Amino acid sequence: MRIALVTETFPPEVNGVGRTLLRLSIGLRDKGHELEVVRPTHLEEDGSTPAPVPQWVVPGAPLPGYPRLRFGFYCRRRLLKRWRQRTPDVIHVATEGPLGLAAQSAARKLRIPVASSFHTNFHAYGEFYGYGLLTGVALSYLRLFHNRADCTLVPSRETVDKLHRYGFRRLGLLTRGVDTALFDPGRRSTALRLSLIHISEPTRPT
């Protein structure tokens, strides 16, 4: 299949969602699919490091309050032009920002199936940071965003059940995997294990 993965976070940004999408991209590529990642520019890239998968970089800007994170601009016209020239079989929208909205709109215009994925409970952040009144607004936006997709992939059964209760529809389960080449019993180190046990032991008063 020809797949376009649209995301506002991807390496060289370092975070869990970016790493998850990188592993997903490499896995799809290794299975023979033709993949292109659509993402905004990053501050720390200079073009010297080869991209692990094909990427198309679009304009973006720093996220207010988090200058090391970026969001992509609403570039519907750019997406329409590119996808008319080389139409994907499916578009996967991984983040809910302006770039993700533009990708959903362009996909509907071109009648391309859209999958989304739910990674972060943004609606819960309001209570944590003392903006509880925004929780309902954030949840309504996330529900609207994901219910516009043909399906939404979720990392755990618990999250599927919770989102169902919130009114999210067409949910599918895509659990996290383990890199068995990296996490292999052959890499076991007794010395490292003992050092970690020593670090984790509580300091006893003398």
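Residues numbered from 1 in each chain as written. Predicted model: local features only at pLDDT ≥ 70, side-chain atom pairs only at ≥ 80, totals over all residues. Heavy atoms only, no water.

A. Structural view of the packing of aromatic side chains. Following the criterion strictly, the structure yields three aromatic pairs and no others. When the centroid spacing of 6.0 Å and the interplanar angle of 85 degrees are considered together, the rings of Phe-118 and Phe-168 count as edge-to-face. Of this pair, Phe-118 sits in the loop between strand S7 (114–117) and helix H4 (125–128) while Phe-168 is found in the loop between helix H6 (157–165) and strand S9 (171–173), placing the two residues 50 residues apart along the sequence. Measuring from ring centre to ring centre gives 6.1 Å for Tyr-141 and Phe-145, while their planes differ by 45 degrees; the resulting arrangement is tilted. Residue Tyr-141 and its partner Phe-145 are both found in helix H5 (residues 134–147); the two are separated by four residues, about one turn of the helix. (Phe/Tyr/Trp six-rings, centres within 6.5 Å; stacked < 30°, edge-to-face > 60°. Helix = DSSP H or I, 4+ residues; strand = E, 2+ residues; numbered from the N terminus.)

B. Structural view of the pairing of strand S5 (residues 66–72). Here strand S4 (residues 60–63) pairs with S5 via four bridges, running antiparallel. The residue of S5 that forms the bridge with Ala-61 is Phe-71. Two successive antiparallel strands, S4 and S5, enclose a turn made up of two residues, where Gly-65 displays a positive phi of approximately 90 degrees. (Pairing = 2+ DSSP bridges.)

C. Structural view of the sheet that holds strand S2 (residues 34–40). On the basis of which strands lie adjacent, the open sheet formed by seven strands has the order S3-S2-S1-S6-S7-S8-S9 and parallel pairing. Every other strand in the sheet has two partners, leaving strand S3 (55–58) and S9 as the edge strands with one partner each. Averaged over neighbouring strand pairs, the angle between their axes works out to 25 degrees when direction is ignored. Note that strand S1 (residues 2–6) and S2 share five bridges and pair parallel. Looking across to S2, one finds that Ile-3 is bridged to Leu-35. Strands S1, S2, S3, strand S6 (90–93) and S7 of the sheet are contacted by helix H3 (residues 98–110), whose axis makes an angle of about 160 degrees with S6. (Axes fitted to C-alpha atoms, helices over the stretch in contact; angles between N-to-C directions. Contact = heavy atoms within 4.5 Å.)

D. Representation of the nonpolar core within the structure. Ranked by size, the top nonpolar core spans 20 residues in total, and within it Val-6, Val-38, Leu-79, Trp-83 and Ile-91 carry the most contacts. Of all the secondary-structure elements, those providing two or more residues to this core are S1, S3, helix H2 (76–85), S6 and H3. Here this core takes five residues from H3, the largest share from any one element. Discounting residues that sit within four places of it in the chain, Val-38 has contacts with Leu-5, Val-6, Thr-7, Trp-56, Val-58, Leu-79, Trp-83 and Leu-99. In terms of nonpolar packing, the next biggest core, distinct from the first, is built from twelve residues, Val-17, Leu-22, Leu-35 and Ala-94 among them. (Core = buried A, V, L, I, M, F, W, Y, C linked by side-chain atoms within 4.5 Å. Buried < 20%, exposed > 50% of the residue type's maximum accessible area, 1.4 Å probe, protein only.)

E. Quick look at helix H1 (residues 16–30). The terminal C-alpha atoms of H1, which comprises 15 residues, lie 21 Å apart, in line with the 21 Å expected from a rise of 1.5 Å per residue. Among the residues of H1, Val-17, Gly-18, Leu-21, Leu-22, Ser-25 and Ile-26 are the ones counted as buried. What you see down the axis of H1 is that its buried residues fit within an arc of 165 degrees, all on one side. Residues of H1 that are exposed and angled more than 90 degrees away from the buried face: Gly-16 and Asp-30. Buried residues along H1 sit in contact with S1 and S2. Put simply, Asn-15 is the residue that caps the front of H1, since its side-chain oxygen is 3.2 Å from the backbone nitrogen of Val-17. Looking one or two places after H1, you find Gly-32, whose phi comes out positive at around 95 degrees. (Expected span 1.5 Å × (residues − 1). Arc of directions from axis to C-beta. Polar contact = N/O pair within 3.5 Å; in protein donor to acceptor, adjacent residues only side chain to side chain.)

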